[in-house]
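Spelled out from the first residue to the last, the chains are:
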Amino acid sequence: MSVELMLWDEPVPVSRDQARATYLEVRKGEPVQGEMPEVAKELPGTVAVFGDHVLVSMDLETMDEMSAQVFDVARAYGLVCYDPQRDLVHNVAPLGVYRGMQLHTGDGLVVHDPDLGLVHDVLGTMSPQNPFVALVTFGRHFIQVSPGYELEYKEGAMARAEVAELEEVRRAFQEYATGERGFLGRHTWSAA
């Protein structure tokens, strides 16, 4: 079984719905033959060009490692990257304030310098197959959540808080990513 990622240029961030619609429309066509764009030469996997869109196909077994490479290339070229398997879109911006921050999920997704829209959308994917989401600034601090909305935050000592709703988890992750710490005062934290 193979999985796909699609890359293209957009002047502004796009929603998942817009990215999905673009992907589905482009996939109705046939790949073009001829000269490959520069970005296509740097991508792993099997690459097909559909006009201004580049499709990368890879084996399920290599998806996590190769996806991370594709996300890095897309970011370097300023391209949107849509992941139809996870129904997630990786935009170029807006980013958090911590350069090098990483997004990790329990189903193997790793994204360096994730855009804030992606973080928001990924939090909605928690399930038994994706048992956690974390934003990590290695060597400094992190925030993570597991189903049931148990937040964990570490900056020095580890602390835990139960949160009632997904929207509050999203708010806490947004604040963490943008350097705010309002979430620390809104919840009751206990030592982990």
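Located above this text is the structure these notes cover.
Overview of the structure. Counting starts from 1 at the beginning of each chain's written sequence and moves along it residue by residue. Local features are withheld for residues below a pLDDT of 70 in this predicted model, meaning they are given only at 70 or higher, and side-chain atom pairs are given and counted only at 80 or more; totals for whole chains, interfaces and linings count all residues. The side-chain quantities take in all heavy atoms of the structure and omit both hydrogens and water.

**Remarks on the packing of helix α4 (residues 116-123) against helix α5 (residues 166-177)**
Next, step 1: The geometry of α4 relative to α5 is characterised by a closest axis approach of 10 Å and an angle of 150 degrees between their N-to-C directions. Classified by the angle between their axes, α4 and α5 sit roughly antiparallel to one another. For the pair α4 and α5, the crossing hand works out as right-handed. Listed contacts from α5 to Leu 116, Val 119, His 120, Asp 121 and Leu 123 of α4 are Leu 166, Glu 167, Val 169, Arg 170, Phe 173, Gln 174 and Ala 177.
Next, step 2: Side-chain classes are defined by residue name, with Ala, Val, Leu, Ile, Met, Phe, Trp, Tyr, Cys and Pro counting as nonpolar, Asp, Glu, Lys and Arg as charged, and the others, Gly among them, as polar. Of the residues assigned to the contact of α4 with α5, the class counts are seven nonpolar, two polar and three charged. Axis angles are defined between N-to-C directions and span 0 to 180 degrees, where every axis is a line fitted to C-alpha atoms and, for a helix, only to the segment in contact. Numbering of helices and strands runs from the N terminus, with a helix taken as a DSSP run of H or I at least four residues long and a strand as a DSSP run of E at least two residues long. If an angle is under 35 degrees, it is roughly parallel; if it is over 145, roughly antiparallel; if it lies from 65 to 115, roughly perpendicular; otherwise it is oblique. Rotating anticlockwise by less than a right angle from the far helix to the near helix defines a left-handed crossing, while the corresponding clockwise rotation defines a right-handed one. Contacts: residue pairs with any heavy atoms within 4.5 Å of one another.

**A look at the pairing of strand β11 (residues 157-162)**
Next, step 1: In this description, strands pair whenever DSSP reports at least two bridges between them. Two elements, strand β10 (residues 150-155) and β11, share six bridges in a ladder whose sense is antiparallel. Across the sheet, residue Lys 154 finds its bridge partner in β11, namely Met 158.
Next, step 2: Hairpin connection from β10 to β11: one residue lie between these consecutive antiparallel strands, with Gly 156 at a positive phi of about 95 degrees.
Next, step 3: Looking at chain direction, β11 and strand β12 (residues 190-191) are connected through two bridges and run antiparallel. Of the residues in β12, the one forming a bridge with Arg 160 is Ser 190.

**Focus: the sheet that holds β11**
Next, step 1: Strand order across the open sheet formed by seven strands is β7-β6-β8-β9-β10-β11-β12, with antiparallel pairing between neighbours. Strands with a single pairing partner mark the edges of an open sheet, and in this sheet they are β7 (110-112) and β12.
Next, step 2: As paired strands, strand β9 (residues 141-146) and β10 are joined by five bridges and run antiparallel to one another. Its bridge partner being in β10, Phe 142 is matched across the sheet by Lys 154.
Next, step 3: Against the sheet, α5 touches β8 (133-137), β9 and β10, its axis set at about 165 degrees to β9.

**Examining unusual backbone geometry**
Next, step 1: With an omega of 0 degrees, the peptide bond between Ala 93 and Pro 94 qualifies as cis.
Next, step 2: Within the secondary structure layout, Pro 94 lies in the loop between β5 (88-90) and β6 (102-105).
Next, step 3: Phi angles above zero are rare outside glycine, and Asp 113 is one such case at about 50 degrees.

**Remarks on α5**
Next, step 1: One fewer than the residue count of a helix, multiplied by 1.5 Å, yields its expected span. The end-to-end C-alpha distance of α5, which contains twelve residues, comes to 16 Å, matching closely the 16 Å that a straight helix rising 1.5 Å per residue would cover.
Next, step 2: Throughout, exposure labels follow a simple rule: accessible area from a 1.4 Å probe, protein chains only, divided by the maximum for the residue type, with under 20% read as buried, over 50% as exposed, and the rest as partly exposed. Of all the twelve residues making up α5, nine are buried; the element is thus mostly covered by neighbouring parts of the structure.
Next, step 3: Three or more residues of α5 are buried, namely Leu 166, Glu 168, Val 169, Arg 170, Ala 172, Phe 173, Glu 175, Tyr 176 and Ala 177.
Next, step 4: For α5, the elements touching its buried residues are α4, β8, β9, β10 and α6 (182-186).

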